[in-house]
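Reading the structure
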Amino acid sequence: MSHATEKEQAALAAVAEQVLQLAKAQGASAAEAAVSEESGLSVNVRLGEVETIEFNKDKGLGITVYFGQRKGTASSADFSSAALEDAVRAACSIATFTAEDPYAGLADAERMATEIPDLDLYYPWDLTPEAAIAQAKVCEDAARSYDAKISNSEGASLSSHAGTRVYANSHGFIGSYSTSRHSISCSVIAEDEKGMQRDYWYSVARDGKDLEAAVEVGKKTAARTLQRLGGRRIDTCKVPVLFAADVAGSLVSHMITAIRGGNLYRESSFLLNKLGEQIFPEFVHIHERPHMKKELGSAPYDSEGVATYARDLVRDGVLQGYVLDSYSARKLKMESTGNAGGVHNVLIEPGELDQQGLLREMGTGLLVTELLGMGVNTVTGDYSRGAAGFWVENGVIAYPVDEITIASNLSDMFMQLQAVGSDVDYRSNIKCGSLLIDAMTVAGT
Amino acid sequence: MNLPIEASIDSVQSALLAPNGLEMDDLERVLASIMQHDVDYADLYFQASRFESWALEDGIVTDGVHSVEQGVGARAVSGEKSGFAYSDEIALPALQAAAVAARAIARQGQDKRIKAWARTEGHALYLPADPLGSLGDRAKVELLELLDREARKLDPRVKQVNASLAGGYDIVLLAATDGTHAADVRPLVRLNVSVIVEQDGRREQGSSGGGSRRDYQYFMDNDALLARDYAKEAVRQALVNLEAQAAPAGTMSVVLGSGWPGVLLHEAIGHGLEGDFNRKGTSAFSGRVGERVGSELCTVVDDGTLEHRRGSLNIDDEGVPTENTVLIEKGVLKGYMQDKLNARLMGVASTGNGRRESYAHLPMPRMTNTYMLPGQHAPEEIIASVKNGLYAVNFGGGQVDITSGKFVFSASEAYMIEDGKVTYPVKGATLIGNGPDVLQRVSMVGNDLALDAGVGTCGKEGQSVPVGVGQPTLLVDGLTVGGTNV
């Protein structure tokens with residue numbers, strides 16, 4: 001790690017320690033602070049010309065104080081001593097009005113991470129605006145020159161961000177690490193006599209060198225957009241549905257939402273009391289792997305300082321654990337799972353078949369490549385979303401489809417999972433291949 | 001109410017500039033330094049905000065959050081290009097650095113003059129007061145506790161109540177090379193409640209809430225009548241959902257209720273009429289001004305000038321007073337919503353729709369309060385005219401693909417209509433349609449225009465801004481309903 005980074009971490013750590021001191025001086029029995037700083041650059045090029053250059057530089061502090069079982073929180077973007085004092089005072093004032101909550105408090109001291117493994121998350125990129133613009137131009141050019149039907153563009157973007165986070169609490173825990181995140185994306189429009197269609201593609205990585213080549217991102221964007229031309233509706237029916245890998249992860253994220261502590265103790269989850277029960281067919285295994293090197297979801301400890309660890313969420317289709325922070329764990333009379341702030345790299349174990357293979361297995365049905373809207377009810381599991389994709393006959397794509405909805409209930413969809421693809425999309429925190437669901441209602445004409 | 005606008009600019013300046021040792025002359029010099037490059041326009045946007053929220057669950061207020069933020073954004077525009085940088089320090093060196101970064105969008109060029117300051121006469125749609133101090137913290141906690149008690153006493157099947165109270169106070173100052181010198185002080189409050197009900201092992205939720213550009217007294221007046229109504233409404237919705245059966249799948253007549261269902265207009269029409277997409281030719285509505293895009297019954301406006309409304313602004317985030325802009329008049333497309341950049345490139349005037357999430361974001365054309373004007377029919381007549389269809393009363397969120405025009409929005413409360421009568425509730429279903437097509441299918445418009453209760457937040461390119469929607473009861477002949485029941 002560079003000298004500059006160490007200095008930045010030390011400066012942020014000093015702010016965190018100062019805030020904890022102030023909280024103590026104000027009489028708080030416990031306190032925790034998160035301090036972060038991030039800077040970056042984003043450029044967007046459209047029709048071969050620069051459209052925007054944005055320079056980002058953000059910092060922030062969050063402080064939570066406890067007076068016994070009463071809690072108050074404040075945040076500030078100003079690190080001057082006066083502003084830090086104001087923030088602590090505001091948090092302490094709030095704590096005089098909130099109620100005694102027997103479950104409030106820091107995570108248990110013995111759960112604090114004692115070692116902070118280097119997860120290889122920090123690759124700052126010395127990227128000039130000129131170099132970023134050049135790459136974005138290559139990307140957009142590749143998309144626009146791909147086919148004459150590519151008629152317009154929303155442009156190509158390159159962005160590069162890096163920053164440092166410090167978390168400290170009155171158990172004496174203090175941890176810091178730096179991360180980077182770079183991405184390239186493109187979106188173009190294709191047109192024929194029936195109208196316009198738009199699609200996009202992107203690549204994201206901790207290390208700029210791991211990004212997909214700009215030309216490839218451009219070509220994929222164009223190919224995806226062209227495929228959608230001539231999209232039509234289909235008759236209302238009940239058919240098997242294959243979720244392409246880049247949208248299939250959303251189904252796993254609905255499961256994660258339903259097993260989050262907050263939704264469980266509020267009894268607002270369709271997976272309430274399902275621990276130890278079959279929620280998927282036996283062939284399904286879902287893991288959480290927080291310490292994967294260079295991955296976007298990796299973290300050495302959670303946002304309460306609790307050490308993260310590898311575990312199974314689902315084994316042989318059976319739910320093995322919930323997603324808990326210390327507060328929800330206490331409410332549920334369980335232990336924190338190191339998930340304050342969310343999950344860290346969820347992997348659904350891939351199967352044998354790629355998307356082509358799964359299309360053949362499906363035979364006739366719908367391949368979904370885009371989902372629209374928010375029609376997911378976590379309380380009941382009811383699922384109804386707008387969709388676009390392709391009608392598939394005898395394992396072969398027949399024509400593009402849009403302006404339809406797909407509906408079912410997530411509990412049923414999970415149990416009716418037929419296969420998991422080998423085509424894992426590693427770009428997000430949830431790493432998932434294509435998912436084939438036995439049958440859903442498709443609403444169209 | 002009518003604080004002189006002069007006093008408002010002065011008071012904002014004394015809050016944002018003076019404590020940081022800045023004067024308008026400094027701003028002029030910074031803008032002039034940007035204009036040393038080949039730049040058409042530049043602006044500085046100063047902002048200071050305070051925000052708080054209080055949350056209740058399991059009968060007690062368990063957490064409160066207070067946050068403060070301030071900063072300045074510097075933007076340089078050259079042709080279609082924008083350079084942008086910001087700082088969370090309001091100080092001359094930081095401002096100068098941001099200006100140097102922003103002007104890098106254009107080459108060094110001739111030194112263009114900046115126009116003399118002209119103070120913008122904005123509206124006076126809300127009081128320039130800080131809502132956070134309008135109610136004691138104890139009383140805020142008690143308001144949430146009241147909601148909890150109200151909801152629970154309404155029905156023994158209520159198992160969970162979550163409620164939150166939030167207030168924000170935003171002061172902004174604009175200085176631009178076109179002479180714009182404007183300020184605004186923006187209060188915003190919001191109260192929300194959601195409940196879970198349970199019966200025979202089945203659980204359903206309901207939620208309600210509202211907000212306004214006022215202070216917390218809005219919820220407290222008449223013995224907290226409004227707050228109690230939110231609790232009642234959340235419980236009512238949840239109990240309706242306990243009885244709901246599977247929704248139908250397929251294309252059918254849909255009656256949309258008044259008020260919040262106006263989210264249809266926001267998604268299906270509104271986004272597609274934002275100036276940026278139309279300047280670039282990427283909207284399904286591009287190049288269609290003067291064409292018929294709806295039935296004669298449809299007149300749709302975007303109106304940022306309504307008093308106290310969540311989507312209203314005295315000036316937009318480029319210092320232009322908001323307007324009541326007619327988007328569609330009797331079915332004919334009249335114009336788009338514009339910010340300064342897109343207006344200039346399209347050769348029209350800004351409509352006061354330039355908005356940004358904060359100083360750290362670039363402005364773009366955004367909606368304010370978007371709604372359809374009322375028609376002739378009583379809502380009962382509209383329902384009675386439908387042989388078989390869906391009556392959708394409440395919605396969650398929606399989304400649109402502005403290029404293909406496809407939009408969706410999800411019902412959270414809906415009923416079947418059979419032989420002109422509302423019969424039984426059905427589970428939330430997503431409705432999907434095509435923006436340029438859906439208004440052509442509007443065959444009846446109610447006389448019951450209502451605006452939403454003040455809870456809307458719109459997301460575009462990662463930026464969130466508060467908005468309003470509204471409409472009278474509408475009959476749409478043929479929308480696709482995404483239920484499970486074939």
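Computed from a predicted model, the values in this text were never measured in an experiment. (Residues numbered from 1 in each chain as written. Chains lettered and ligands numbered in written order. Predicted model: local features only at pLDDT ≥ 70, side-chain atom pairs only at ≥ 80, totals over all residues. Heavy atoms only, no water.)

**Quick notes on the overall build of chain B**
Stated formally: Numbering of helices and strands runs from the N terminus, with a helix taken as a DSSP run of H or I at least four residues long and a strand as a DSSP run of E at least two residues long. This radius of gyration counts C-alpha atoms alone. The globule rule is 2.2 Å times how many residues there are, raised to the power 0.38. The buried label applies to any residue whose accessible area, calculated with a 1.4 Å probe on protein chains only, is under 20% of its type's maximum; exposed applies above 50%, and partly exposed to all values in between. Every residue pair with non-hydrogen atoms within 4.5 Å of one another is taken to be in contact. Counting rule for charge: Lys and Arg are taken as positive, Asp and Glu as negative, and neither His nor the chain ends is counted. We put the charge of a Lys on NZ, of an Arg on CZ, of an Asp on CG and of a Glu on CD.
In terms of helices and strands, chain B carries 10 helices and 23 strands. For 486 residues, the compact-globule formula gives about 23 Å, and the C-alpha radius of gyration of chain B, at 24 Å, lands near that figure. Along the first, second and third principal axes, the C-alpha atoms of chain B reach 70 × 55 × 35 Å. Counting every position in chain B, which comprises 486 residues, the buried fraction comes to 63%. The contacts of chain B with a sequence gap of at least 6 include a subset with a gap of at least 24, amounting to 76%. Across chain B, 45 positive and 64 negative side-chain charges occur, with their mean positions spaced 3 Å apart.

**A closer look at the pattern of salt bridges**
Rules: Should a side-chain nitrogen of Lys or Arg be within 4 Å of a carboxyl oxygen of Asp or Glu, the pair is scored as a salt bridge.
What the rule picks out here adds up to 54 salt bridges over all chains. Measuring nitrogen to oxygen at the nearest pair gives 3.4 Å for the salt bridge that ties arginine 224 of chain A to aspartate 246 of chain A. Here aspartate 246 of chain A lies in helix α5 (residues 245-258) and arginine 224 of chain A lies in helix α4 (residues 214-227), a separation of 22 residues in the sequence. The residue lysine 340 of chain B makes a salt bridge to aspartate 178 of chain B at a minimum N-O spacing of 3.0 Å. Of the two residues, lysine 340 of chain B is situated in helix α8 (residues 340-346) and aspartate 178 of chain B in the loop between β5 (158-176) and β6 (180-199); the sequence distance between them amounts to 162 residues. On the accessibility criterion, lysine 340 of chain B (14% relative accessible area) is buried. Relative accessible area serves as the criterion here: at 32%, aspartate 178 of chain B is assigned to the partly exposed category. Among the ionic contacts, a cluster of salt bridges with common partners joins Asp199, Arg224, Arg228, Asp246 and Glu370 of chain A.

**Brief notes about the side chain of glutamate 318 of chain B**
Residue and element names in this part refer to chain B. Threshold: In the analysis that follows, any N or O atom pair within 3.5 Å is treated as a polar contact, provided that within protein one partner can donate a hydrogen and the other can accept it, and provided that, for residues neighboring in sequence, both atoms belong to side chains.
Here glutamate 318 is to be found in the loop between β9 (300-303) and β10 (324-329). Of note is the side chain of glutamate 318, whose polar atom sits 2.6 Å from the side chain of arginine 75. Once you skip the residues sitting within four places of it in the chain, glutamate 318 turns out to touch Arg75, Leu174, Thr180, Asp339, Lys340, Gly354 and Pro363.

**Brief notes about the domain arrangement of chain A**
How big an interface is tends to be reported as the loss of accessible area on association of its parts. All names here are of chain A. Basically, it comes down to this: Residue ranges assigned to the domains are those given by an automatic or database domain assignment. By convention, the term buried area covers the 1.4 Å-probe accessible surface removed from two parts as they join, with the contributions of both added.
The domain boundaries assigned to chain A delineate domain 1 (3-227) and domain 2 (237-443). Contacts between the two partners involve 37 residues from domain 1 and, on the opposite side, 30 residues from domain 2. Of the roughly 2800 Å² buried between domain 1 and domain 2, counting both surfaces, carbon and sulfur atoms make up 52%. Broken down residue by residue, the surface that domain 1 buries against domain 2 is led by Tyr103, Arg111 and Leu119, which jointly contribute 26%. Summed over the shared surface of domain 1 and domain 2, the result is five salt bridges. Between arginine 111 and glutamate 335 there is a salt bridge, with the nearest N and O atoms lying 3.3 Å from each other. Applying the counting criterion to the domain 1 and domain 2 interface returns 19 residue pairs in polar contact (both at pLDDT 80 or more). Per element, the largest residue contribution to the side of domain 1 that touches domain 2 is six residues, and it comes from strand β6 (residues 195-205).

**Section: the pairing of strand β13 (residues 382-393) of chain A**
All names here are of chain A. Defined as follows: Two strands form a pair only when DSSP identifies at least two bridges running between them.
Extensive coverage of β13 is indicated by the burial of 11 of its 12 residues. Where strand β12 (residues 365-372) meets β13, seven bridges bridge the pair, whose relative direction is antiparallel. Within the sheet, the bridge partner assigned to leucine 367 lies in β13 and is phenylalanine 390. Pairing of β13 with strand β14 (residues 396-409) involves 11 bridges; the strand directions are antiparallel. For phenylalanine 390, the partnering residue across the bridge sits in β14 and is proline 400. The hairpin formed by β13 and β14 contains two residues between the paired strands, and asparagine 394 there has a positive phi angle of roughly 50 degrees.

**Section: the interface of chain A and chain B**
Counting residues at the interface gives 71 residues for chain A, matched by 64 residues for chain B. Note on chain A versus chain B: buried area summed over both sides is about 5500 Å², and carbon and sulfur give 52% of it. Linking chain A with chain B are eight salt bridges. Ionic pairing is found between aspartate 88 of chain B and lysine 59 of chain A, a salt bridge with its closest N-O pair at 3.0 Å. Taken together, the connections running from chain A to chain B amount to 33 residue pairs in polar contact (both at pLDDT 80 or more). Broken down by element, the residue count for the side of chain A that touches chain B peaks at 11 residues, all from strand β2 (residues 49-67) of chain A. For β2 of chain A and strand β3 (residues 81-87) of chain B, the ladder comprises four bridges, and the chain directions are parallel. Paired with phenylalanine 55 of chain A across the strands is alanine 85 of chain B, a residue of β3 of chain B.

**Quick word on the state of the cysteines**
All names here are of chain A. Let me state the cut-off plainly: A pair of sulfur atoms, both from cysteines and within 2.5 Å, is called a disulfide here.
This model, assessed by the stated rule, comprises zero disulfides over all chains. Between cysteine 186, a cysteine without a disulfide, and cysteine 139, which holds the nearest cysteine sulfur, the sulfur-to-sulfur distance is 4.2 Å. Owing to a relative accessible area of 2%, cysteine 186 belongs among the buried residues under this scheme.

**Section: the packing of helix α2 (residues 24-34) of chain B against helix α3 (residues 92-103) of chain B**
Residues and elements named next belong to chain B. Counted only if it meets this: Helix axes are fitted only over the stretch in contact, all axes being lines through C-alpha atoms; the angle between N-to-C directions runs from 0 to 180 degrees. Each angle is binned into one of four classes, with values under 35 degrees roughly parallel, values over 145 roughly antiparallel, values of 65 to 115 roughly perpendicular, and all other values oblique. By convention, the crossing between two helices is left-handed when the near helix turns anticlockwise from the far helix through less than a right angle, and right-handed when the turn is clockwise. Under this grouping Gly is polar, as are all residues other than the nonpolar Ala, Val, Leu, Ile, Met, Phe, Trp, Tyr, Cys and Pro and the charged Asp, Glu, Lys and Arg.
Between α2 and α3, the shortest axis-to-axis distance is 9 Å and the interhelical angle comes to 25 degrees. With respect to their mutual orientation, α2 and α3 come out roughly parallel. Note on packing geometry: the crossing formed by α2 with α3 is right-handed. Of the residues in α3, those in contact with Asp26, Leu27, Val30, Ser33 and Ile34 of α2 are Leu92, Leu95, Gln96, Ala99 and Arg103. Its residues placed into classes, the contact of α2 with α3 shows six nonpolar, two polar and two charged.

**Observations regarding the confidence of the model for chain B**
Residue and element names in this part refer to chain B. Cut-off, in case you're wondering: Note: pLDDT gives the predictor's confidence per residue, expressed from 0 to 100.
Taken over all residues, the pLDDT of chain B has a mean of 94, while the share at 70 or more is 99%. Throughout residues 1-5 the model reports pLDDT below 50, and contacts reaching past four residues in sequence, or to other chains, amount to 11 contacts. Predicted complex metrics record ipTM = 0.93 and pTM = 0.94.

**Comments concerning the sheet that holds strand β9 (residues 311-315) of chain A**
Residue and element names in this part refer to chain A. The five strands lie next to each other as β10-β9-β8-β11-β16, forming an open sheet whose pairing is mixed. Single-partner strands in this sheet number two, and they are β10 (318-319) and β16 (430-431). Note: strand β11 (residues 346-348) against β16, two bridges, orientation parallel. Its bridge partner being in β16, valine 346 is matched across the sheet by isoleucine 430.

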